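Examining the three-dimensional arrangement
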Amino acid sequence: CEIKQLSDCLIRLLLDRRDGTRTSEALTPAAAARDEFQEELVIRPLHSGDIYASFQFRTLWDTDFLQEGQKVSHYRLFPKSLGQVLSKFSVRELHISFTQGFWRTMQWGQPFIPSPPGAELWVWFHDTVSDVDGNWKELTNVLSGIFCASLNFIDLTNTVQPSASFKPLGLGNATDHRFLRYATLPREIVCTENLTPWKKLLPCGSKAGLAVLLKSEKLFHSSFHSQAVHIRPVCQDEQCTSKAWELRQTLNVVFDLYTAGQGKKEWSLFKMFSRTLTEACPLATSSKVYVDITDNPELFELSPATPLLSQAVVLGDRRTYSVYDLSRAETFGQLRSLNLLLRWKGDGEMLRPLLHAERYVAGFGLQTGEIHTVIYNNHPYRAFPVLLMDSVPWYLQLYIHTLTVTSKSRDNKPSYIHYQPAKDRHRPHLLEMLIQLPPHSMTEVTVQFERALLKWTEYTPDPNHGFYVGSSVVSALVPSMVAMNTNFTQDQPLFSSFVPVKEESSYFVRVYTEPLLVNLPTPDFSMPYNVICLTCTVVAVGYGSFYNLLTRTFQVDEPSLPLAKRLANLIRRIRGVPLLT
Amino acid sequence: MGLLSDPNRRKALTGLLTRLNTPICIVCYLAGIVWFMGLAFEPFTLRTYMSENAMGSTMVEERFSSGERALSLAKEFDAHKRKAGGMPVEWLVKAMQSRGLEVFTQSFSRKLPFPDENKERYMVRGTNVYGILRAPRAPRTEALVITAPCSPGNTNNQAVALLLALAQYFRNQIYWAKDIIFLVNEHDLIGTQAWLEGYHHTNITGMEYSPLQGRAGSIQAALSLELSSDVITSLDLVLEGLNGQLPNLDLANLFYAFCQKLGVLCTIQGKLQRNDWDTAEGYTHAAQTMMLMVLKQACGRSWGDHGLFLRYHIEAASVRGINSFRHYKTDATTIGRLLEGMVRKLNNLLERLHQSYFFYLLPSLSRFVSIGYYMPAFGLLAVILLLRALDLWVHLGAPALAAVDGVTEAEQPSSPGVLTVLTPVVISHLTGVALYLLPVHLQEMAVEHFPVSETEAVVLTAIAIYTAGLALPHNTQRALYAVVMVLLSPAFTILYCVFIYQELIEAPVSVSEGWMLFLSVISQGILDHALYGSLVYPLLALFIYPCWLMFWNILFWN
């Protein structure tokens, strides 16, 4: 035990020496006591046999640069690169995610933190900012550098200001959507070069704690990979006397049963990440691993066993988790390493996700088409409203008069529609609707569009690949499964279960549909040469003959006589007889 | 460009054209024919090559090895098919699910306009089963399709089984960038049509189908697989699709490249490639192959399940296993590897197939004739029309010029007024419309009054209306011309095509068999139009036939 403490100290010293600012903070623990770092890993075995691992790293930064004139120069746990960005661009909230793959709601259920394929960025600025667009542009360029991503491709043509779908998640009650910017890059490919800068933001880097598991060769050998950074202001205490910045770094990954698990329903930390856990991050105040064992023991067995259990209502469902506290030495056992082992025993039925959406392009040909968004409400008896947000690039010219919303083959009139038409080459379409989904129904939203002809320099280098349209976003308060189950008397006293508990009665869910790949009419780019040759010829021939006809003076031509006649005429002229013609 | 602006030279040119019109036309015609037939001569054609860089020749290592398992699976599938008396939907769903695919079904029904006697069906009801292999870390934007029709009897079991074996093998691989859809469709083309319409949410042909539950973005390419025996001797590539559409040539190149790599005998139009191009037999062989392709394209029907994909801008081809009892045999593993290689190459695609040609003729799999080579032949034939028209125009203009000279000649023979022209035009076209509409609509009446089946009723009505059109004129003095006209009429052209086709596929038929084939060709043409939207029947009925009728009418002009 002592050895471990010693090593912790060493690591702390090493880390501190790396960063001069941190040393000064560490020397005065009283001043820095309120900076905090927590790490957490949730492992959820999925019914399909795949396994879902979700990392969350939470750094609290006890500073309040909302106040004017306060200069921030001390960074202890919070990464300096992000802190400077926050203060420079007057950011109130920042959410950025990089996702490779598509979350399969129907097989995997709801994710803890949803994200669309590609890159997504949404930012709330302070209401003191005068030039939001300018700040936004600069911010995207800076973030592009920090995360090694092509966020600099975000410009006004793919930025929207949603009026209702994206509310601030932190403190403050900002509702003026002029200070919100939202953009997605569906084509963004996420790989190791994005993971490395993301890992560098962690206080322990990838040297200690849960982050040692983040080995890129395993993380990218998966069905789904998503990493995100969320920054928001939060309360430091219950009375909210002081505020703090919260940096939440999340990484979600789903390992595939067949390609990563060799078809065996047997998972271990080593098999997933090719590492085991040996220690917590020394800077962390809490470091825990949760394993979802709600379906235990019917579905799988877990070893080593842990006495710690935790119950929580997560995404509307009451779940039980085994907790492994990494800050306690006994967690690691005799071998001084923790390698969780999960072995499936049978198959279980998954609860159908209550909300689910998909999207596709209907029709064929390169002139028109129709975007279909299908939203499923799988709740057996509760209707609930959802907010649908669609951002469509300007080169798909939406015919908004063809917008139809049908549920159960009946017209379903949205109670709120916010539509901002596109401006060619300047801004995309934005469509937000509040739709009431009847219970156990499929709601279909269709809108027709026409494909625009681009200017020839506007085509991408691979125009025949097609053009992406970002995911549409469905946000909803979904009635909870816990509240649905009125016959739930297992562990609860009767007096507590008659009226559904308010905060558990519904939960917030955001569902992203798949992005679309649309082919636009594409010219044959080798054609200009042929066209130039052809038009030059046609112009030369046509113009030449027209010009000839127009400028020539026509006169009656005296037919020239044959030589014999001319000779004869010469003689006749001499003789004075009329000439021959 | 003094030629047009100088009246003298212009006169000389028109003089030349009118004087030598007939010889020039004959020369053009012969040159066109010779040019076209010359295209089959190997030195005049280009060697095929892979244009698409992403599918460069042999970067893929094939490792599929469960061909034997596929064959035993085929027996199992056969047993279940017999038990279910059709498509064993439940078994297929389970089989696909156990291989880790997302499985969906689609049921469809279609009432044919009249019974199809070739395939013995009228009220068609069926189910398509498809499984989607989701590519890891891909956002469901692109997909490839492999389809195998589930046909009645014990045909095509091996194709379905190989499909399942491939699915199992593919599922364990990490390198997929596009989702792969494994589709088993019932009632061949009708099933494919229902699936495609469902996938794209269109309804072109009045099919009734249940909406699809699972999709995988825009489909980049499709392969249809037809195998009916455990061991095959050669693979045939079928490219001709609906309305003569062809997939990008790179798809054929891909198939050919893998056949070469794996040492599989490959054919096109069922004809093996020959090396003796400099002999007469070699040339005839290539010419036959090319003519077959022309004929198949001209008839406008889809020659395999792939044909319907082409309308949706999806490059597709059918691969058909043929067992012709040669001693050179290929086993299921090799075919699996061939498909694996092709699908992996298609998976590497960054853009839709667009680099290579879309209009081409293939005298063999390794040689192609691009549109730039065959269009001159067509141009030479088409220029005859222009020349004749010019000739007529000059002749029409000549007496008018004479009248300008001021000498009032005898009253011109009164040219027929517009109305006299209008009547035959309208009547001809109305006959065309009748030919297009009546056969299908009048079948019930015909069946009531005559002792024929519905199919016969439709075909015979069509022939009756067609012949009735000939009754328009009343002057029958030019019998020889009339006979020639009839022999050159659209219907006779179809009849010749039937015989030529049978001759080309080396299955010559007698006259009576040919007649029966002719009748079934008519009914198939009408059915193809109603079921899949093939354009040949309306083209013939509404355009070519009325034009021909007008000629017929002019022939008997008083």
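Relevant structure appears above.
Residues numbered from 1 in each chain as written. Chains lettered and ligands numbered in written order. Predicted model: local features only at pLDDT ≥ 70, side-chain atom pairs only at ≥ 80, totals over all residues. Heavy atoms only, no water.

If you tally the helices and strands in chain B, you get 18 helices and 13 strands. With the principal axes as the frame, chain B shows a C-alpha extent of 95 × 60 × 45 Å. Considering chain B as a whole, with its 558 residues, one finds that 51% of them fall into the buried category. Across chain B, every contact between residues at least 6 apart in sequence was considered, and the portion connecting residues at least 24 apart equals 81%. Accessible surface for chain B amounts to roughly 25800 Å². Of this, 64% is attributable to carbon and sulfur atoms. In chain B, 40 side chains carry a positive charge and 44 a negative one; their mean positions are 6 Å apart. (Helix = DSSP H or I, 4+ residues; strand = E, 2+ residues; numbered from the N terminus. Buried < 20%, exposed > 50% of the residue type's maximum accessible area, 1.4 Å probe, protein only. Contact = heavy atoms within 4.5 Å. Areas by Shrake-Rupley, 256 points an atom, 1.4 Å probe, with all protein chains shown as cover. Lys, Arg positive; Asp, Glu negative; His and termini not counted. Charge placed at Lys NZ, Arg CZ, Asp CG, Glu CD.)

Let's shift gears to the overall build of chain A. A tally of helices and strands in chain A yields 13 helices and 26 strands. By the burial criterion, 50% of the 581 residues in chain A qualify as buried. Considering only contacts in chain A between residues 6 or more positions apart, those separated by 24 or more positions represent 76%. With the model as given, the accessible surface of chain A reaches about 28200 Å², and the carbon-plus-sulfur share is 56%.

Taken together, the contact pairs 38 residues of chain A with 34 residues of chain B. Summed over both sides, the interface of chain A with chain B buries roughly 3100 Å², with 55% coming from carbon and sulfur. The three residues of chain A that bury the most area against chain B are Y258, F364 and N464 of chain A, which together make up 20% of that side's buried surface. There are two salt bridges connecting chain A and chain B. Here E514 of chain A ties to R140 of chain B by a salt bridge, and the two come within 3.8 Å at their closest N and O atoms. Where chain A touches chain B, the interface holds 12 residue pairs in polar contact (both at pLDDT 80 or more). Broken down by secondary-structure element, the contributors of at least two residues to the side of chain A that touches chain B are strand 7 (224-235), strand 15 (355-362), strand 16 (368-377), strand 26 (516-518) and helix 12 (527-551) of chain A. (Buried area = accessible area lost by both parts, 1.4 Å probe. Salt bridge = Lys/Arg side-chain N within 4 Å of Asp/Glu carboxyl O. Polar contact = N/O pair within 3.5 Å; in protein donor to acceptor, adjacent residues only side chain to side chain.)

We now examine unusual backbone geometry. All names here are of chain A. In this chain, S303 is followed by P304 through a cis amide linkage whose omega measures 0 degrees. Structurally, P304 is set in the loop between strand 11 (300-303) and strand 12 (309-314). In this model, R425 sits at a positive phi of 65 degrees, which is unusual for a non-glycine residue. If you trace the backbone, R425 turns up in the loop between strand 20 (416-420) and strand 21 (429-437).

Here we come to the state of the cysteines. As used here, a disulfide is simply a covalent bond connecting the sulfur atoms of two cysteines. One pass over the structure, following the stated rule, counts one disulfide over all chains. Between the sulfur of C204 of chain A and that of C281 of chain A lies a disulfide, 1.8 Å long from S to S. Of note, the bridge from C204 of chain A to C281 of chain A carries an S-S torsion of about 65 degrees and is right-handed in sense. Taken together, the positions of C204 of chain A in the loop between helix 7 (192-200) and helix 8 (216-219) and C281 of chain A in the loop between helix 9 (269-273) and strand 10 (286-292) put the pair 77 residues apart, joining distant regions of the chain. Judged by relative accessible area, which is 5%, C204 of chain A ranks as buried. Looking at C281 of chain A, the relative accessible area reads 2%, which means it is buried. No disulfide involves C28 of chain B; its sulfur sits 6.6 Å from the nearest other cysteine sulfur, which is in C25 of chain B. The exposure class of C28 of chain B is buried, given its relative accessible area of 12%. C299 of chain B supplies the cysteine sulfur nearest to C497 of chain B, a cysteine that is in no disulfide, at a spacing of 9.1 Å. (Disulfide = S-S within 2.5 Å.)

Another aspect to go through is the side chain of S523 of chain B. For S523 of chain B, the position within the fold is in helix 17 (residues 511-532). Dropping the residues within four chain positions of it, S523 of chain B is found in contact with F114, T455 and V459 of chain B.

Going through the model one piece at a time under the given rule, you end up with 44 aromatic pairs over all chains. Taken together, a centroid distance of 5.3 Å and an interplanar angle of 35 degrees make the contact between W515 of chain B and F518 of chain B tilted. Highlighted residues: W515 of chain B and F518 of chain B, both in helix 17, separated by three residues, approximately one helical turn. Through a chain of ring-to-ring contacts, three or more aromatic side chains come together here, namely F37, F55, F57, W198, F255, W267 and F273 of chain A. Against the face of W303 of chain B rests R301 of chain B, its NZ or CZ located 5.1 Å from the ring centre. (Phe/Tyr/Trp six-rings, centres within 6.5 Å; stacked < 30°, edge-to-face > 60°. Lys NZ or Arg CZ within 6 Å of the ring centre and 35° of its normal.)

All names here are of chain A. Sheet architecture is open: 11 strands sit in the order 5-6-4-3-7-8-2-1-10-13-12, paired in mixed fashion. For this open sheet the edge positions go to strand 5 (159-160) and strand 12, each flanked by a neighbour on one side alone. Sheet analysis places strand 3 (residues 91-100) next to strand 7, joined by seven bridges and oriented antiparallel. Of the residues in strand 7, the one forming a bridge with S97 is A228. In the packing of helix 4 (residues 80-88) onto the sheet, the strands contacted are strand 2 (51-61), strand 3, strand 7 and strand 8 (243-255), and the crossing angle to strand 7 comes to about 55 degrees. On top of the sheet, helix 6 (residues 132-147) reaches strand 3, strand 4 (118-125), strand 5, strand 6 (180-185) and strand 7; it is set at about 135 degrees to strand 4, its chief contact. (Pairing = 2+ DSSP bridges. Axes fitted to C-alpha atoms, helices over the stretch in contact; angles between N-to-C directions.)

In an α-helix, one full turn covers 3.6 residues, which means residues spaced three or four apart are oriented alike. Residue and element names in this part refer to chain B. A rise of 1.5 Å per residue sets the reference length of helix 18 (residues 536-555), with its 20 residues, at 28 Å; its end C-alpha atoms lie 26 Å apart and thus fit the reference within 8%. The largest bend along helix 18 reaches roughly 35 degrees and is located at I544, with the proline P546 sitting one to four residues downstream. What helix 18 keeps buried is the set Y537, P538, A541, Y545, P546, W548, L549, W552, N553 and L555. Along its buried surface, helix 18 packs onto helix 12 (418-441), helix 14 (454-469), helix 15 (479-487), helix 16 (490-504) and helix 17. (Expected span 1.5 Å × (residues − 1). Bend = angle between axes of the 7 residues up to and from the residue.)

It is worth spelling out the packing of helix 12 of chain B against helix 18 of chain B at this point. Helix packing geometry: the angle between the two helix axes and the distance between the axes. Residue and element names in this part refer to chain B. In contact at an axis separation of 8 Å, helix 12 and helix 18 are set at 145 degrees when each is read in the N-to-C sense. You can see that helix 12 and helix 18 cross each other, and the crossing is right-handed. Contacts from P424, V425, S428, H429, T431, G432, V433, L435, Y436 and P439 in helix 12 reach Y537, P538, A541, L542, Y545, P546, L549, M550 and N553 in helix 18. Its residues assigned to classes, the contact of helix 12 with helix 18 shows 14 nonpolar, five polar and no charged. (Left-handed = near helix turned anticlockwise from the far one by under 90°. Nonpolar A, V, L, I, M, F, W, Y, C, P; charged D, E, K, R; others polar.)

Residues and elements named next belong to chain A. Relative to each other, helix 4 and helix 6 sit at 180 degrees, their axes nearing to 11 Å. As far as their axial angle goes, helix 6 and helix 4 are roughly antiparallel. Facing S81, L82, V85 and K88 of helix 4, the residues of helix 6 in contact are E138, L139, V142, I146 and F147. Tallied by class, residues from the contact of helix 4 with helix 6 come to six nonpolar, one polar and two charged. (Parallel < 35°, antiparallel > 145°, perpendicular 65-115°, else oblique.)

For the rest of this paragraph, the subject is the environment of V511 of chain A. All names here are of chain A. Mapped onto the elements, V511 comes out in strand 25 (residues 506-512). The spacing of V511 and E358 is 153 residues in sequence and 9.3 Å in space, taken between C-alpha atoms. When residues no more than four places from it in sequence are discounted, the contact partners of V511 are Q110, L355, A357, S472, V473 and V474.

In this section: the side chain of Q249 of chain A. Residue and element names in this part refer to chain A. Of note, Q249 is situated in strand 8. What makes Q249 buried here is its relative accessible area of 0%. A distance of 2.8 Å separates the side chain of Q249 from the backbone oxygen of W198, its partner in a polar contact. When residues no more than four places from it in sequence are discounted, the contact partners of Q249 are F55, Q56, F57, W198, L201, L202, A228 and V229.

Residues and elements named next belong to chain B. Summed over all chains, the structure comprises 30 salt bridges over all chains. Of the charged contacts in the structure, one is a salt bridge between R82 and D78, with a shortest N-O distance of 3.1 Å. One end of the pair, R82, and the other, D78, are both in helix 4 (residues 67-84), four residues apart, so they sit about a helical turn from each other.

All names here are of chain B. Here three strands make up an open sheet; going across it, the order is 1-13-12 and the pairing antiparallel. Each edge of the open sheet carries a strand with a single partner, namely strand 1 (46-47) and strand 12 (360-364). Two elements, strand 12 and strand 13 (residues 367-370), share three bridges in a ladder whose sense is antiparallel. Bridging across to strand 13, L361 finds its partner in V369. Sheet strands in contact with helix 9 (residues 280-298) are strand 12 and strand 13, and its direction is about 145 degrees off that of strand 12.

Residues and elements named next belong to chain B. Within strand 7 (residues 218-226), nine of the nine residues are buried, which leaves the element mostly enclosed by the surrounding structure. As defined by bridge partners, strand 7 adjoins strand 11 (residues 315-322) across six bridges and the pair is classed as parallel. What sits directly across from E226, in strand 11, is R320.

All names here are of chain B. Among the surface-exposed residues, V433, L437, L438, L539, L542, F543 and I544 lie close enough to one another that they form a single nonpolar patch of about 540 Å² accessible area. Within the residue set of the nonpolar patch, elements represented by two or more residues are helix 12 and helix 18. At four residues, the largest contribution of residues to the nonpolar patch is made by helix 18. Position of V433 relative to the elements: it lies in helix 12. (Patch = residues over 30% accessible without salt bridge, like charges linked within 9 Å, V, L, I, M, F, W, Y side chains within 5 Å.)

Function cannot be read off these values alone, since they describe shape.
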